[in-house]
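Report on the structure
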Amino acid sequence: MHFKKLVLLFVFGAIIMACKEDEVEYVVPQIIPAPNKIEQNEGVLIISKDTYFSFPWVFRQPALMLETFIDSAPNIKTGTGDNKTNISFNYVEDGGSSKESYTLRIDTKGVYIEASDVKGAFYAAQTLKQLLPAGFVNKSYTESEVVLPCLVIKDQPQFAYRGMHLDVGRHMYSVDFVKTYIDALAMLKMNTFHWHLTEDQGWRIEIKKYPKLQEIAAYRDETLVGHYSDQPHQFDGKRYGGYYTQEQIKDIVAYAQERFVTIIPEIEMPGHSQAAIAAYPELGCTGEQVKVAKAWGVFEEVYCPSEATFKFLEDVIDEVVELFPGKYIHIGGDEAPKTRWKDCRYCQELIKEKGLKDEQGLQSYFIARMEKYINSKGKQIIGWDEILEGGLAPNATVMSWRGMDGAIEAAKAGHHVVMTPTSHCYFDYYQSENENEPLAIGGFLPLEKVYNFNPIPEELSDEQSKYVLGAQGNIWTEYMPTEDQVEYMAFPRMLAMSEVLWSNPEQKDYADFVSRLERFHERLEALDINYANHLYEIEGHMLTENDGTFYELKTLTGGKAIHYTTDGSEPDSSSTIYDSKIAITGDLIMKAAVFDNNKQLGKTFTQNINYHKAVGAKITIDKQPHKAYTGSGAQGLINGVSGSDKRYGDKEWLGFWGEDIEIIIDLGEAKDIDSIKTRFHNGNGQWIYAPKEISIEFLLDDGSIVTDRRELPSQSNKIVSFDYEFMRPKHLEIKVKTITLKIPNYGIIPEGRQGAGHKAWTFIDEIIVN
C-alpha cells in the first residue's frame with residue numbers, strides 16, 4: 001500500500017495521520033502468526049540511512065541478520081547517515097514466562113527490542129521484518145526511507161514445540177530447498193524441523209560404516225506413476241534416488257541453528273525399512289534379497305530383532321547423534337507389519353525367551369531396547385503412536401497421528417506428546433474441492449480446518465494437558481515429485497499451523513487471519529514460494545429447513561461480490577449477485593464466481609444438484625461418523641450433492657472406521673420409489689474398503705415391510721456403485737414411507753494388504769432415491 005505526500009496509516013483498524021512531504025511507503029501490518037498483544041500509539045518512525053543498530057554481544061546474531069535484511073534495500077544503508085534513529089536490542093532479566101518471549105516497541109525515535117534470551121530477540125526481529133514492505137525480501141524496495149507505525153507488541157508462544165515435517169524418502173529435495181523450508185519455519189516462529197530421512201523407497205542419510213546404504217538403499221529402480229489406487233500399477237522406468245552427505249547435513253544443521261530451528265532426524269524402525277534391508281538382507285527375517293520399494297504403501301519387510309540388526313542400528317545411531325545436536329531422535333515405530341515376525345522361528349523363540357505376550361510385545365521390546373541405547377547417547381526418543389502398542393518405552397515421547405487417542409493415553413500416563421493427527425495436520429491431503437487440484441494421496445484438509453485445530457484434547461485435565469508439547473504439520477511426499485509441489489501443499493496451511501501454535505487461542509479469528517493472509521501473499525511471492533491460493537474460491541452448502549431446501553454460497557474474503565447462474569452458463573459481472581440463500585425446487589447446475597470491480601477472481605465454482613425424492617427428508621444413522629470425516633453430517637447423504645470422484649475427504653463423503661452402520665431415511669409422506677443408488681469409496685491403499693453386502697428394508701404405506709439383501713462383488717475400482725431397482729411391473733406403484741440400509745463394515749484388512757490387521761474404513765456418498 002503506497003502513500004504519497006500525506007501519509008495515512010491504517011493500523012489494526014485505527015487511522016494514524018502523519019505529515020511527511022517526502023515520498024515514503026508504508027505497509028499495513030499483517031503479522032503471521034498474530035502477536036499476543038498489540039498496543040497502537042500515535043506517530044511514525046522513519047527508517048533510513050540515518051538509522052543505526054545497537055545490541056549486546058549476546059544478541060549479535062539476530063541483530064546482524066536484521067541489519068543485513070534492512071540493508072538489502074539498495075537506497076537504505078543503515079549507519080551511513082546522521083544516526084538520528086536507533087534500532088536497539090536490549091537484554092532484560094525477565095522477558096516473560098518463556099525464553100522465546102519478547103517486547104517490540106516503536107516510537108518516533110527508534111525501535112526497541114527487549115528479551116531475556118536470544119530466541120526472543122530473534123522472534124522480535126521476525127516480527128519487525130513483517131512490518132517492512134515485501135520488497136525488502138527480494139531486494140526490490142528502492143525508496144530511501146520506510147515508515148513504521150508507533151506501537152508496542154508483547155508476545156510469546158502458546159506451545160514449546162512448533163514444528164513442520166518433511167519426508168525426503170519418497171522424493172528427495174536439494175540442500176538449497178531444505179534451507180528455504182527452514183527459512184519459512186523461522187519466519188513463522190516455528191522452532192522444529194522433523195526430517196524424515198529413511199523409508200522403504202529410499203535411505204537419504206550417509207552412514208560411513210555402511211556404504212551399501214549409499215550405493216543400494218538410496219536408489220530405487222523406478223517410481224509409481226499415478227495414484228496407488230490406480231490399477232494396474234504403472235511405473236516410469238527411471239532410476240531415482242540420492243542421499244545427503246554428512247557434510248551437507250552438518251551445513252543444514254548449522255543453518256537451522258542460526259535460525260533457532262531444531263532438527264529432529266527420523267530413522268525408521270522396525271518398519272519402513274525395506275531400503276536398508278535391500279542393502280543388507282541379513283537385517284530382515286528371511287535373509288533373502290529384496291529391492292528398494294518402488295511403489296508407495298506399507299511393506300512386510302521389517303527389521304528382524306536380531307543381534308545383528310541391533311548392532312547395525314546402534315552403529316547408525318552413533319553417526320546420527322554426532323550430526324544432530326537436538327535432544328530427540330525419532331525412531332518411527334509406525335506401520336510395522338508382523339507377518340515376517342510371525343513366520344520367523346528366531347522371533348518366536350525371542351518372544352518366549354523374553355516372556356513377551358505376542359508380536360506387539362516384541363515391537364515394544366525392540367523400541368525399549370533402542371530407547372535405552374539412544375538414552376545412553378544423551379538423547380531421547382520420539383515415535384509415532386504405534387510405539388504405545390505392547391507397552392510404551394519408559395522415557396519416550398509420542399507423536400500422535402492416528403487421531404487423538406494415542407496422545408490422550410500417553411499424556412494420562414505422564415508421557416510428553418506432540419499432536420499431529422491426520423484430521424488437521426496432514427498437508428499431503430487435498431486442500432480444495434476444485435477438481436483441477438494436483439494429484440494428492442486423498443483426504444481433504446482445507447485451510448480453515450487447520451486454523452481451527454486445538455492441540456489440547458478435551459479429555460485431558462489441566463494437569464495432563466501440560467504433557468502436550470505442541471504440534472506439527474506433516475508433508476508426506478509420495479505425490480510431490482517437485483519442490484514447487486511441496487510448497488503448494490505446505491503453503492498457506494503452514495501459516496495457519498504457525499498461528500495455532502504461537503498465538504493466543506482466545507484471540508483467534510479466522511476472518512481476520514484470512515484478511516492478513518491475503519496481504520501476506522505479496523510476501524510469499526517475493527520469497528518465490530509457490531503457494532496455493534484458494535481465498536477466492538466459493539463454498540456451497542445445501543440447507544434443509546422447515547420451509548424448504550436452499551443453497552448457500554460464501555467466499556473467504558470480504559468486500560467482494562459473488563455472481564451466479566443456475567442454468568449451467570458461465571457467470572460474469574452481469575449475472576445475478578448473490579445476497580441470500582437460493583431456493584432449490586428441482587435439478588440444476590449452479591455456477592458462481594467471486595468478482596471485484598467487475599473482474600473475476602479465482603476459478604468458477606460448479607455444483608450439480610440432483611433434486612431426488614429423499615432431498616429434504618429426515619435421516620438418522622446409528623453411529624457417528626469419525627470426527628475426521630464428518631462430511632456434511634447425516635443430512636449430507638440426502639442433500640442432492642454427490643461427493644468427488646477423486647477423493648473421499650470432502651464435505652459429502654462420510655467416513656466410519658471399523659463400524660457397521662444402519663441408516664434410516666424417513667420420507668415423511670409415502671412416495672412411489674423405483675430405485676436407490678449410492679457409492680462407496682474403495683481406496684484400499686488408504687485402508688478404505690467397500691462393504692461386501694447391503695441389507696435393505698422398506699416400510700410401505702400399508703404398514704408392510706419388504707426386505708432384501710444384495711452382495712457387492714469384490715472390485716479393484718476406487719469407487720464401487722450400489723444400484724438397487726425394484727423388480728415389479730411398471731404399472732404397479734410401490735409407496736414407501738421409510739428406507740433402512742444396513743451396511744456391515746468390511747472387517748479386518750487381510751495380510752498382504754496396506755493396513756493389514758487394522759479395521760477397514762467405510763466411506764459412503766449420496767443416497768439417491770428416485
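Report on the accompanying structure.

The rules behind each value
Think of each chain on its own: its residues are numbered from 1, step by step along the sequence as written. The predicted origin of the model limits local features to residues at a pLDDT of at least 70 and limits the giving and counting of side-chain atom pairs to 80 or more, whereas totals for whole chains, interfaces and linings rest on all residues. As a rule here, side-chain values come from all non-hydrogen atoms in the structure, and water together with hydrogens is ignored. Only DSSP runs of H or I covering at least 4 residues are called helices, and only runs of E covering at least 2 are called strands; the numbering of each starts at the N terminus. This radius of gyration counts C-alpha atoms alone. The globule rule is 2.2 Å times how many residues there are, raised to the power 0.38. Only protein chains enter the calculation, and the probe is 1.4 Å; a residue is then buried if its accessible area is under 20% of its type maximum, exposed if over 50%, and partly exposed in between. Calculation of accessible area relied on Shrake-Rupley with a 1.4 Å probe; when residues are assessed, cover is drawn exclusively from the protein chains displayed. Take the buried Ala, Val, Leu, Ile, Met, Phe, Trp, Tyr and Cys residues and link them wherever side-chain atoms come within 4.5 Å; each set so joined is a nonpolar core. Two rings belonging to Phe, Tyr or Trp (six-membered ring only in the last case) form a pair when the distance between their centres is within 6.5 Å. Interplanar angles under 30 degrees mark stacking, angles over 60 mark edge-to-face geometry, and anything in between is tilted. A ring is considered to have a charge above it if a Lys NZ or an Arg CZ atom is located within 6 Å of its centre and within 35 degrees of its normal. In this description, strands pair whenever DSSP reports at least two bridges between them. The axes are straight lines fitted to the C-alpha atoms, using for helices just the contacting stretch, and the angles between their N-to-C directions are given from 0 to 180°. Whether two residues are in contact is decided by their heavy atoms: any pair within 4.5 Å suffices. Any angle between 65 and 115 degrees counts as roughly perpendicular, while under 35 counts as roughly parallel, over 145 as roughly antiparallel, and the rest as oblique. Rotating anticlockwise by less than a right angle from the far helix to the near helix defines a left-handed crossing, while the corresponding clockwise rotation defines a right-handed one. Residues are grouped as follows: Ala, Val, Leu, Ile, Met, Phe, Trp, Tyr, Cys and Pro are nonpolar; Asp, Glu, Lys and Arg are charged; all remaining types, including Gly, are polar. Expected span of a helix: the number of residues minus one, times 1.5 Å. Working definition for bend: take the seven residues up to and ending at a residue and the seven starting at it, fit an axis to each, and measure the angle between the axes. Two N or O atoms count as a polar contact when they lie within 3.5 Å, although within protein this holds only if one can serve as hydrogen donor and the other as acceptor, and sequence-adjacent residues are included solely when both atoms are side-chain atoms. Here a salt bridge means any side-chain nitrogen of Lys or Arg lying within 4 Å of a carboxyl oxygen belonging to Asp or Glu.

**Quick look at the overall build of the chain**
The helix and strand inventory of the chain stands at 17 helices and 41 strands. Rg of the C-alpha trace for the chain: 29 Å, near the compact-globule value of 27 Å for 770 residues, within the 12% margin. Referenced to the eigenvectors of the C-alpha coordinate spread, the extents of the chain come out at roughly 95 × 75 × 55 Å. When each of the 770 residues of the chain is scored for burial, the buried share is 58%. Roughly 31,300 Å² of accessible area belongs to the chain as shown, and the carbon and sulfur atoms make up 47% of that amount.

**Considering the nonpolar core**
Within the largest apolar cluster, 188 residues are counted, with the highest numbers of intra-cluster contacts made by Trp195, Trp203 and Phe312. Broken down by element, this core gets its largest block of residues, nine residues, from helix H3 (residues 175-187). Residues Leu637, Ala690, Leu700 and Leu712 belong to the second largest nonpolar core, which totals 33 residues.

**Comments concerning the packing of aromatic side chains**
This structure, assessed with the given rule, holds 38 aromatic pairs. The interplanar angle of 80° and the centroid separation of 6.3 Å between the aromatic rings of tryptophan 195 and phenylalanine 324 together place this pair among those described as edge-to-face. With tryptophan 195 in strand E12 (residues 192-196) and phenylalanine 324 in the loop between helix H7 (307-323) and strand E20 (328-332), the pair connects residues that are 129 residues apart, well separated along the chain. The class for tryptophan 195 is buried, based on a relative accessible area of 0%. You can call phenylalanine 324 buried: its relative accessible area is 1%. Pairing tyrosine 210 with phenylalanine 312 gives two aromatic rings, centres 4.8 Å apart and planes at 70°, and the pair type is edge-to-face. Here tyrosine 210, found in the loop between strand E14 (202-203) and helix H4 (212-217), pairs with phenylalanine 312, found in helix H7; they are 102 residues apart in sequence, far enough to count as distant. Grouping residues by exposure puts tyrosine 210 and phenylalanine 312 together as buried. Cluster of aromatic residues (ring-pair linked, three or more members): Tyr173, Phe177, Tyr181, Phe193, Trp195, Tyr244 and Phe324. The aromatic ring of phenylalanine 310 is capped on one face by arginine 369, whose charged end is 4.1 Å from the ring centroid. Of note, lysine 508 hangs over the ring of tyrosine 451, and the distance from its end group to the ring centre comes to 4.8 Å.

**As for the sheet that holds E12**
Overall, parallel pairing links the eight strands, which are arranged E11-E12-E19-E20-E21-E22-E23-E24 in a closed barrel. Averaged over all neighbouring strand pairs, the angle between strand axes comes to 30°, with direction disregarded. Here strand E21 (residues 380-384) pairs with strand E22 (residues 397-400) via three bridges, running parallel. The residue bridging tryptophan 384 from the neighbouring strand is methionine 399, located in E22. The strands touched by H7 within the sheet are strand E19 (262-269) and E20, with E19 carrying the most contacts at an inclination of about 170°. Relative to E21, helix H10 (residues 359-376) is tilted by about 150°, and along the sheet it contacts E19, E20 and E21.

**Regarding the side chain of aspartate 315**
The residue aspartate 315 is located in helix H7 in this model. When residues no more than four places from it in sequence are discounted, the contact partners of aspartate 315 are Lys209 and Tyr210.

**So, the packing of H3 against helix H15 (residues 483-490)**
A packed helix pair is summarised by two numbers, namely the angle formed by the two axes and the spacing between the axes. The geometry of H3 relative to H15 is characterised by a closest axis approach of 11 Å and an angle of 15° between their N-to-C directions. Classed by the angle they form, the pair H3 and H15 counts as roughly parallel. For H3 against H15, the interelement crossing comes out right-handed. Contact with H3, carried on its side by Phe177, Thr180 and Tyr181, involves Glu483, Val486 and Glu487 of H15 and no other residues of that element. Taken together, the residues of the contact of H3 with H15 sort by class into three nonpolar, one polar and two charged.

**Topic: H15**
H15 sits mainly inside the fold: six of its eight residues count as buried. Along H15, the positions that sit buried rather than exposed are Gln485, Val486, Glu487, Tyr488, Met489 and Ala490. In this fold, the buried residues of H15 make contact with strand E11 (161-167), H3 and helix H16 (493-502).

**Concerning helix H17 (residues 510-526)**
With 17 residues, H17 extends 24 Å from end C-alpha to end C-alpha; this agrees with the ideal 24 Å at 1.5 Å per step. Along H17, the sharpest change in direction is near 35° and occurs at arginine 519. Contact partners of the buried residues in H17: helix H2 (118-131), H3, helix H13 (447-451) and H16. You can read the cap of H17 off the contacts: a side-chain oxygen lies 3.0 Å from the backbone nitrogen of alanine 511, and it is on aspartate 509. With its phi angle positive at about 60°, aspartate 528 sits one or two positions after the end of H17.

**Section: the pattern of salt bridges**
Close approach of charged atoms allows side chains of opposite charge to pair. Across all of its chains, the model carries 34 salt bridges by this definition. A salt bridge links arginine 170 to glutamate 199; the nearest nitrogen and oxygen atoms lie 3.4 Å apart. You can see arginine 170 sitting in the loop between E11 and H3 and its partner glutamate 199 sitting in strand E13 (residues 198-199), a full 29 residues away along the chain. The exposure class assigned to arginine 170 is buried, which follows from its relative accessible area of 4%. Accessibility expressed as a relative area gives 2% for glutamate 199, which makes it buried. Put simply, glutamate 258 and arginine 259 hold a salt bridge, and the shortest N to O gap is 3.1 Å. We classify arginine 259 as buried; its relative accessible area is 12%. Via salt bridges that share partners, Asp167, Arg170, Glu199 and Glu478 belong to a single interconnected network.

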